[in-house]
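# Chain and residue survey
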Amino acid sequence: MELKVVVSLLLQGVSLGMLYFLIASGLSLIFGLMGVLNLAHGSLFMWGAYVAMTVYGLTGSFALGLVGGLLAGAALGVVLETTLIRRLYGNPVGQILLTLGLILVLDETVKLIWGPTLLPYPKPAFLAGSAEVLGRAFPHYRIFLIVLGALVWLVIHLVLNRTKVGLIIRAGVEDREMVTTLGIDVKKVFTGVFALGGALAALGGAAAGPFLLVYPQLGLNNLFPAIIVVVIGGLGSFTGSVIGGLLVGVTQSFVGYYEPQLAVAVNVALMALVLLVRPHGLLGHRGV
Amino acid sequence: MAKVSRRTGTERTWLLTGGLLGLLFAFPVLSPSVYYVSLLTSAALYGVLAMSYDLLMGYTGILSFGHALFFGVGAYGAGILMRDAGFDFFSAMAVVLALSAVLAAVIGLLSLRVKGVYFAMVTMAFAEFFHILVEKLYHITGGSDGFTRIPTPVWLGGTVQKYYVALVFAIAMYLLARRLVSSPVGSVWLAIRENETRAAMLGYDTFSYKLAVMVISGMMAALTGGLYAVVVNFAHPGFISVSTTINLLLMVVIGGVGTLSGGFIGALIVQPLGRILSSYFRAWLLVFGVVYVLIVLFFPAGILGSVRMWRLRRRRPPGAPRGPEAGPAVPTASPAGPGGAPMTPAAPRATPGAGPAAGDGGAGGP
Amino acid sequence: MTLGTMTAQESTGQALHVDHLSVYIGELHILEDVTLRASRGRCTALLGRNGSGKTTTLKSIMGLVPPAGGRVTFYGRDITGRPAHEVARLGIGYVPEDRGVFTGLTVRENLLLAQRKRDDERLRRVVRLFSELDPLLDRRAGTLSGGERQMVAIARALVNPVRLLLVDEPSKGLAPRAVRRLAELLAEVKKEATVLLVEQNFFLAAELADHCYVLDSGRTVYEGPMGELEADEETRRKYLGVA
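None of these values were measured; they are calculated from a predicted model. Sequence positions are assigned chain by chain, starting from 1 and proceeding in written order. The naming scheme follows written order: chains are lettered A onward, ligands numbered 1 onward. Only residues with pLDDT of at least 70 get local features here, since the model is predicted, and only at 80 or more are side-chain atom pairs given and counted; chain-wide, interface and lining totals rely on the full set of residues. Side-chain metrics in this entry use all non-hydrogen atoms of the structure; hydrogen atoms and water are not considered.

Moving on, we get to the overall build of chain B. Helix and strand definitions here come from DSSP, where helices need a minimum of 4 consecutive H or I residues and strands a minimum of 2 consecutive E residues; each element is numbered from the N-terminal end. Summing up its helical and strand segments, chain B has 15 helices and 0 strands in all. For every residue, the accessible area obtained with a 1.4 Å probe (protein chains only) is divided by the maximum for its type, and the residue is called buried under 20%, exposed over 50%, and partly exposed between those limits. Here chain B, with 366 residues, has 53% of them falling under the buried criterion. Expressed as a percentage of contacts within chain B between residues at least 6 apart in sequence, the contacts between residues at least 24 apart total 79%. Contacts are assigned to residue pairs that have any heavy atoms within 4.5 Å of one another.

Here's what the structure looks like:
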């Protein structure tokens, strides 16, 4: 294989991986801290895309659209956590059943508001072109996704490692009960992490919209890649979701180049492999 | 069934069952339109599917998100064998059964290594893998257009025949499942649901029992899928999609987890009622979602479970001991702690350690 | 060293009063009727065999296990069934049986996490007392030995002004040398804070405690000055299995 093809595929894989990382990281963090597998996470991703598309359409500003999507995701996260999910902490099956119902509610609401059909979400003009990388065209939009993903990763990484809240989250993922005995009200942190997870997913959706198109099955369709990424990376591990996302994205890109039919199958195989070697994911630990 | 100590209760149950069966068998005559007969046919088959799911979820406490996979394998297997490979109905079904047993065993061996939420995710990914496979293998499966023109055996020709076959099939499967859960194997399943660590300490090889329930419920789902495909003459990738599993979950949760018959009640509500209502009322699915969420939050035992608990409460003085089968499974009974660490006996479960918010977790309790 | 944990008027009298506490887990009685007091400025030992309810008593005081009956008062204030974070903020430090050190965090992060109000001076004093921790501050706690982790756990409870320290089996799983050092440190801590100590190692308890209670099957079966129990061979044999 020629070097330029490799580089091009690698870049493509990384951009895809960043997208997966954006969806998966919130899912992973929420699970790690609260033990909640939020199946409605894909729906938050989709809401981010719809709200961003709408705000972009109304204001003409792509950036405002992204912010709008992000805020919508955060707000939904807070509302869901404080009114519903909070009632079922310590009951993992109940939570799965609940968040499953939320998929129905959130997705059907999208259909009622925006209709059941595919909607256009154009790329902004400044991101519509493509750059030349080693003689091959590489869309600006993919570069934008890579930059956005890297930026989000950096911000969250700093928050987790340099702030008190980050310390509480990391400690809480390990042992929630112990954190409360240090005088910390973890419930407040829970709401915050739900907001953060919702915001990350929705930002992912807002950024992915022009790339994946906007339709009412967008949420469910992206729940699976997110789940694969999280299982590979290890539930509860933020770094794991980065590694998992990139691994899945790059694999998909390379396999897809030769045999598009097999791309998704390979990811499932990758997951099966990781599970055989490390049942709790690359960076997950048994306790979680 | 809840063992009711009073004779009158037993008699009433028999009377009710007999009346219900009579009504079901007379339905094609009573029905104003053949449309309702076909609706009830598919509800009966979905009921069996939901019941097979309940064996996993309600009786063994295994939350799989890939159950639709077996339904789809049955449907496509029967379809391909009968249309393109010249098999007759019964030999096709035999192959489907063998195939699904092997598949369930392989998937079980891989995915049962992890527990709880991880298991749910892994099974979901497996199902999605097959879903995509079926969509992509266009030349064999017809891709996203679906697999059409599945031949129907003569004895299954008309709507009414299909109804009766589905009804008899459903009854037979129900009796089989009932027999299974009341067998010694069934009580080990229940023990696993209640506390897997304890079951393992009692010397049961819980892995094998879980594998067994996966294979049995997988075969049951595949058989149902095969029959369904023949009844409706086609198969569709949507059969394998997670939406199908989600529908099953909805049916079981609404009807009552760990009751077997709850699956049928749920199927009746989700299938015919849903189809009729959604044709009149665009927001039906949204309303349904909201109702479902309310059930999960406030009536975690489902319709049948709630009715049973209410009847038990009326019959027994409070505080009287309940047999292991007396109460329906409430989804609070989880096979594992968050993330799949095996549940440690007693202590951490009942403490707020299970969640610092236990103080306001009352809604989830039985 | 001084940690300044007690105000003058708290130096005598009763800090904690556990009154007829009972705890059920499911159908199981874990605590039937536990009554004990911890006096200000003293070290009170809670003794008993495995499964006698010592750990549950501490957890219940801490708000981790909801009591079914009885009362817990802390300096006259009813804290029965209050959530753990509120109990902690009243100045109750908790060192659990498994130490509860966050293995993914560094030692420094463990200490910083625990400190509710930033007080570098206090942190320095704690590290000075637990001098072994000084070179380990930037090590991940997961890489520490059992004895070192135990020190982190106790040090962590002292980075806030602590009026009562609950310590659950600190010597468990430690090498004899580490137990020696632990005894020294707890003797220091005891000068500054009221301590309620659960301990299987009778000799360690005897060395540290002024007063003791013995639990058996979730009930308080013995109460008296530590010295008396040391002399009372029969009670020791009956409830603790040590001669």
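Right, picking up where we left off after that structure.
This part covers the overall build of chain C. Across its full length, chain C carries 9 helices and 10 strands. Atoms counted for the radius of gyration: C-alpha only. Globule rule: 2.2 Å times the number of residues to the power 0.38. For chain C, whose C-alpha radius of gyration is 17 Å, the value lies close to the compact-globule estimate of 18 Å for 243 residues. Oriented by its inertia axes, the alpha-carbon framework of chain C measures out at about 45 × 40 × 40 Å. A burial count over chain C gives 54% of its 243 residues as buried. Intrachain contacts of chain C at a sequence separation of at least 6 include 70% that bridge at least 24 residues.

Between 30 and 60 degrees the pair is tilted, below 30 it is stacked and above 60 it is edge-to-face, where a pair is any two Phe, Tyr or Trp rings, Trp via its six-membered ring, whose centres lie within 6.5 Å. If you walk through the whole model with that rule in mind, you get 31 aromatic pairs over all chains. With 6.3 Å between their ring centres and 70° between their planes, F62 of chain A and Y141 of chain A make a pair best called edge-to-face. Of this pair, F62 of chain A sits in helix α3 (residues 62-83) while Y141 of chain A is found in helix α5 (residues 140-162), placing the two residues 79 residues apart along the sequence. Each ring, one from W284 of chain B and one from F288 of chain B, has its centre 5.6 Å from the other, and the planes form 45°; the classification is tilted. Here F288 of chain B and W284 of chain B lie together in helix α13 (residues 284-298), a separation of 4 residues that amounts to about one turn.

The next point concerns a nonpolar patch on the surface. All names here are of chain A. Here, patches come from residues exposed beyond 30% relative accessible area and free of salt bridges, joined within 9 Å for like charges and within 5 Å for nonpolar side chains (Val, Leu, Ile, Met, Phe, Trp, Tyr). Only the protein chains shown count as covering a residue, and every accessible area follows the Shrake-Rupley method with a 1.4 Å probe. One speaks of a salt bridge when a side-chain nitrogen belonging to Lys or Arg is within 4 Å of a carboxyl oxygen belonging to Asp or Glu. Side chains of I243, L247, L282 and L283 sit close together on the surface and give an oily, nonpolar patch of about 280 Å² of accessible area. Checked against the element boundaries, L282 lands in the segment after α11 (263-277). On the basis of relative accessibility, which here comes to 31%, the residue L282 falls in the partly exposed class.

The next thing to look at is the pairing of strand β10 (residues 219-225) of chain C. Residue and element names in this part refer to chain C. Sheet topology places strand β9 (residues 211-216) next to β10; 6 bridges connect them, and they run antiparallel. In the sheet register, Y213 faces β10, and the bridge partner there is E223. Note: two strands are recorded as paired if DSSP finds a minimum of 2 bridges between them. Here β9 folds back onto β10 in antiparallel fashion, the turn holding 2 residues, of which S217 has a positive phi close to 45°.

All right, on to α13 of chain B then. When the terminal C-alpha atoms of α13 of chain B are compared, their 21 Å separation across 15 residues agrees well with the 21 Å that a helix rising 1.5 Å per residue should span. By the burial criterion, the buried members of α13 of chain B are W284, L286, F288, G289, Y292, V293, I295, V296 and L297 of chain B. Here a helix's expected span is defined as the number of its residues, less one, multiplied by 1.5 Å.

A word on a positive patch on the surface. On the surface, a cluster of positive charge is made up of K164 and K188 of chain A together with R89 and R116 of chain C. Positionally, R89 of chain C belongs in helix α2 (residues 84-89). The partly exposed category is assigned to R89 of chain C, whose relative accessible area is 45%. As used throughout, the charge tally considers Lys and Arg to be positive and Asp and Glu to be negative, leaving His and the chain termini uncounted. For this purpose, a charge sits on NZ of Lys, CZ of Arg, CG of Asp or CD of Glu.

Negative phi is the rule for most residues except glycine; trans is the rule for most peptide bonds. Residue and element names in this part refer to chain C. Positive phi values are uncommon outside glycine, yet H20 reaches one of about 50°. With respect to the helices and strands, the residue H20 is situated in strand β1 (residues 14-25). Residue classification places H20 among the partly exposed positions, given a relative accessible area of 46%. In this structure, E169 takes a positive phi of about 45° despite not being glycine. Position of E169 relative to the elements: it lies in the loop between β7 (164-168) and α6 (176-192). Of the residues examined, E169 reaches a relative accessible area of 5% and is grouped as buried.

Here we come to the packing of helix α2 (residues 34-59) of chain B against helix α7 (residues 159-181) of chain B. All names here are of chain B. Fitted lines through C-alpha atoms serve as axes, helices being fitted only where they are in contact, and the angles separating the N-to-C directions of these axes extend from 0 to 180 degrees. Contact pair α2 / α7: the axes reach a minimum separation of 9 Å and the direction vectors enclose 15°. Classified by the interaxial angle, the pair formed by α2 and α7 is roughly parallel. Here α2 runs over α7; the crossing is left-handed. Touching V34, V37, S38, L40, T41, A44, L45, V48, M51, L55 and Y59 of α2 are T159, K162, Y163, A166, F169, A170, M173, Y174, A177, R178 and V181, all from α7. Amino acids are sorted into nonpolar (Ala, Val, Leu, Ile, Met, Phe, Trp, Tyr, Cys and Pro), charged (Asp, Glu, Lys and Arg) and polar (every other residue, Gly among them). The residue inventory of the contact of α2 with α7, partitioned by class, reads 17 nonpolar, 3 polar and 2 charged. By definition in this entry, angles of less than 35 degrees are roughly parallel, angles greater than 145 are roughly antiparallel, angles of 65 to 115 are roughly perpendicular, and the rest are oblique. Left-handed describes a crossing whose near helix is turned anticlockwise from the far helix through less than a right angle; right-handed describes the clockwise counterpart.

Here we come to the environment of N195 of chain B. Here N195 of chain B lies in the loop between α8 (184-194) and α9 (196-201). Given a relative accessible area of 2%, N195 of chain B falls into the buried group.

A word on the confidence of the model for chain C. Residues and elements named next belong to chain C. pLDDT is defined as a per-residue confidence score from the predictor, taking values between 0 and 100. When pLDDT is averaged across chain C, the result is 88; 94% of the residues are at 70 or more. Here residues 4-11 scores under 50 on pLDDT; set against residues more than four positions off or in separate chains, the count is 16 contacts. As a predicted assembly, this complex carries a pTM of 0.79 together with an ipTM value of 0.87.

Here we come to the nonpolar core. To form a nonpolar core, buried Ala, Val, Leu, Ile, Met, Phe, Trp, Tyr and Cys residues must be joined to one another through side-chain atoms within 4.5 Å. Of all hydrophobic cores here, the largest spans 250 residues; its most connected members are L39 of chain A, F65 of chain B together with L47, F130 and M226 of chain C. Looking at which element gives the most residues to this core, the answer is helix α1 (residues 3-34) of chain A, with 14 residues. Discounting residues that sit within four places of it in the chain, M226 of chain C has contacts with A45, L47, F202, A205, A206, A209, D210, H211 and C212 of chain C. V23, I25, A38 and M62 of chain C belong to the second largest nonpolar core, which has 32 residues in total.

Turning next to the pattern of salt bridges. Oppositely charged side chains are able to pair whenever their charged atoms sit close together. Within the structure shown, the criterion is met by 21 salt bridges over all chains. Measuring nitrogen to oxygen at the nearest pair gives 2.9 Å for the salt bridge that ties R118 of chain C to D120 of chain C. Overall, the relative accessible area of 35% leaves D120 of chain C in the partly exposed class. Each of K115, E196 and K210 of chain B takes part in salt bridges that share partners, so that together they form one network.

The next thing to look at is the packing of helix α5 (residues 146-158) of chain C against α6 of chain C. All names here are of chain C. Put simply, α5 and α6 touch, their axes get as near as 10 Å, and they point 10° apart. Between α5 and α6, the angle is such that the two are roughly parallel. Here α5 contributes G147, Q150, M151, I154 and L158 to the contact with α6, which in turn contributes A178, R181, L182, L185, L186 and V189.

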